[in-house]
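Structural features, examined
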Amino acid sequence: MERTLEERISAELDTLWQAALFLSGGGSDRAERLLQDMVSVVSDEYPGALQLDDGSDGLERFFVRRFFQDAPPFLLGSDRSSTRGSIGDMGSDVQALLGDAGRIPPRARAALWLVVIRRRSYADGSEILGIDRAELHALLEHRETLLASLVGRSTQRLTDIERRIRSSEESAS
Amino acid sequence: MNCRDVREGLWPPERPRLVGPQVERARAHIRSCRECTRWFAEDRATLDTRHSLQSVRAPLRVQAKVFEALARAREGGTRSRVDAMRAGASRLRKRVAAVGGLLAAGAISALIIGPRLPPDGGARAGVIGEMGSDAAFVEDYLRRAVGEDYLESSDAEEIARFLRRELGLHSNLLSLAGLVPTRVEICLLEGRRGAMVVYRLDGRRVTHYLVPKAAEERPPRIAREHGSLTVVTWSTDALEEALVGEMPSNELLDLARSGITE
């Protein structure tokens, strides 16, 4: 039973929004623009473009693949004003993650979104992006940049907790 | 087995997998490799953040813009319309607050007034009943949720063009003796973009909701009587539909049945 495009977008909208935030490198303004552009493209090509992605995640696959093949020019410049837009209700760790994503080349962002964030296998990631495994591995090298600040925060939190435990133990003794 | 093979072979680490010789070798590698141990530890350390990101919901403002973009893309049919879309989307913001009130009320999923099915359309659904969302029709009717994207017209052709342009609906309006269309509006119900066509019948107002949504065919039934308001819902394979009006329930039900079969 063929679903309408509205139906498919509704079903995947939250995931598409999350992907847009990540792929745009933070800032809701850019994410909104990216998502609207994607909707325009998929509308032109529907349903043909999605026939091979006939699953519950078909639009996400289409979105990420298109972004990988042809990232919008407005995401490639260094115009800092384009990163505006409040994402303040997402928590500082998520904001840090999105901010770090913005320091990574767009093609690597697409690979990291699929594999690191969405937990797809390397085989799936290669198939969706249309690249071989070696190229995917190379793109995923940017994982260090993506996770650096998060791991640093996490490590700092653990250090703080350990310090508080030691302090309370010392005062108890 | 090198680090690359191990990381790929055990990815994602939380996924259950059969423990064969390959997996055992990979795990043994991790135990003896500080880099791979660190690599997987870093992944665990970001678990909460990844989950937080994947629980982010698309704000109502974004939902509205997306469906506005879709409508305009359908109208223009090419990417060159994107900029125009973006400009047009701004007017939608003004009404988002009102729609937000409706959606926050937690009512519905989607209804639509209903034109007939497209030639290839069948009939699915019953989703409204499943969701217990009949109240949303009433909410939307009472609040006039979306006050701007509308067309005031008694010209059925003009209203049909509006529906084609905004929602891609190639269907007929209800056509019964004495039933006169007066207005069509876009509505947003839990993120679904639909339309409501307002008719006059013997001086009374009847509103027909149409919400594109895959569903199973369900004939008209009286879904709710809310004070003087009656709601009749049904669905086709492509639309959830409802009639809302201040008239006796049997009369509204007959109207829905006539509108479908004629």
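Rules and cut-offs
Residues numbered from 1 in each chain as written. Chains lettered and ligands numbered in written order. Predicted model: local features only at pLDDT ≥ 70, side-chain atom pairs only at ≥ 80, totals over all residues. Buried ≥ 20, exposed ≤ 12 C-beta atoms within 10 Å, placed from the backbone. Helix = DSSP H or I, 4+ residues; strand = E, 2+ residues; numbered from the N terminus. Arc of directions from axis to C-beta. Contact = placed C-beta atoms within 7 Å. pLDDT = per-residue confidence, 0-100. Pairing = 2+ DSSP bridges. Axes fitted to C-alpha atoms, helices over the stretch in contact; angles between N-to-C directions.

1. Examining helix α6 (residues 122-129) of chain A
Residues spaced three or four apart along an α-helix point in a common direction, a consequence of the helix completing one turn every 3.6 residues. Among the residues of α6(A), those classed as buried are Tyr122(A), Gly125(A), Ser126(A), Ile128(A) and Leu129(A). Taken end-on, α6(A) shows its buried residues confined to a sector of 165 degrees, consistent with a single buried face. Its buried side turned inward, α6(A) meets α3 (58-69), α5 (106-117) and α7 (133-140) of chain A together with α1 (3-9) of chain B. At the C-terminal side of α6(A), Gly130(A) shows a positive phi close to 70 degrees.

2. Focus: the confidence of the model for chain B
Residue and element names in this part refer to chain B. Within chain B, residue pLDDT values average 72, and 68% of them lie at 70 or more. Here helix α6 (residues 82-104) stands out as the least confident element of chain B, with mean pLDDT 35; α1 is the most confident, with 93. Below a pLDDT of 50 lies the segment residues 78-132, which in the model reaches 163 contacts outside its immediate sequence neighbourhood of four places, other chains included. Of the regions scoring below 50 in pLDDT, residues 142-148 engages in 20 contacts with residues more than four places distant in sequence or in other chains. Here the prediction assigns the complex a pTM of 0.59, and the interface score ipTM is 0.80.

3. A look at the pairing of strand β3 (residues 192-201) of chain B
Within a regular strand, side chains alternate between the sheet's two faces. Residue and element names in this part refer to chain B. Most of β3 is tucked away: 8 of the 10 residues are buried. Relative to β3, strand β2 (residues 179-189) is paired through 10 bridges, and the arrangement is antiparallel. Following the sheet pairing, Leu188 is matched in β3 by Arg193. Note that β3 and strand β4 (residues 204-212) share 7 bridges and pair antiparallel. Considered in β4, the bridge of Tyr199 is made with Val206. Connecting β3 to the next strand, β4, in antiparallel fashion are 2 residues, including Asp202 with a positive phi near 55 degrees.

4. Brief notes about the sheet that holds β2(B)
All names here are of chain B. Strand order in the open sheet formed by 7 strands is β1-β2-β3-β4-β7-β6-β5, with antiparallel pairing between adjacent strands. With partners counted over all chains shown, the strands left at the sheet margins are β1 (150-152) and β5 (218-226), one partner each. On average, each strand axis in the sheet is tilted by 20 degrees relative to the strand beside it, whichever way the strands run. Pairing of β5 with strand β6 (residues 229-235), which is carried by 6 bridges, proceeds in the antiparallel orientation. From the neighbouring strand, Ile222 faces β6, where its bridge partner is Val232.

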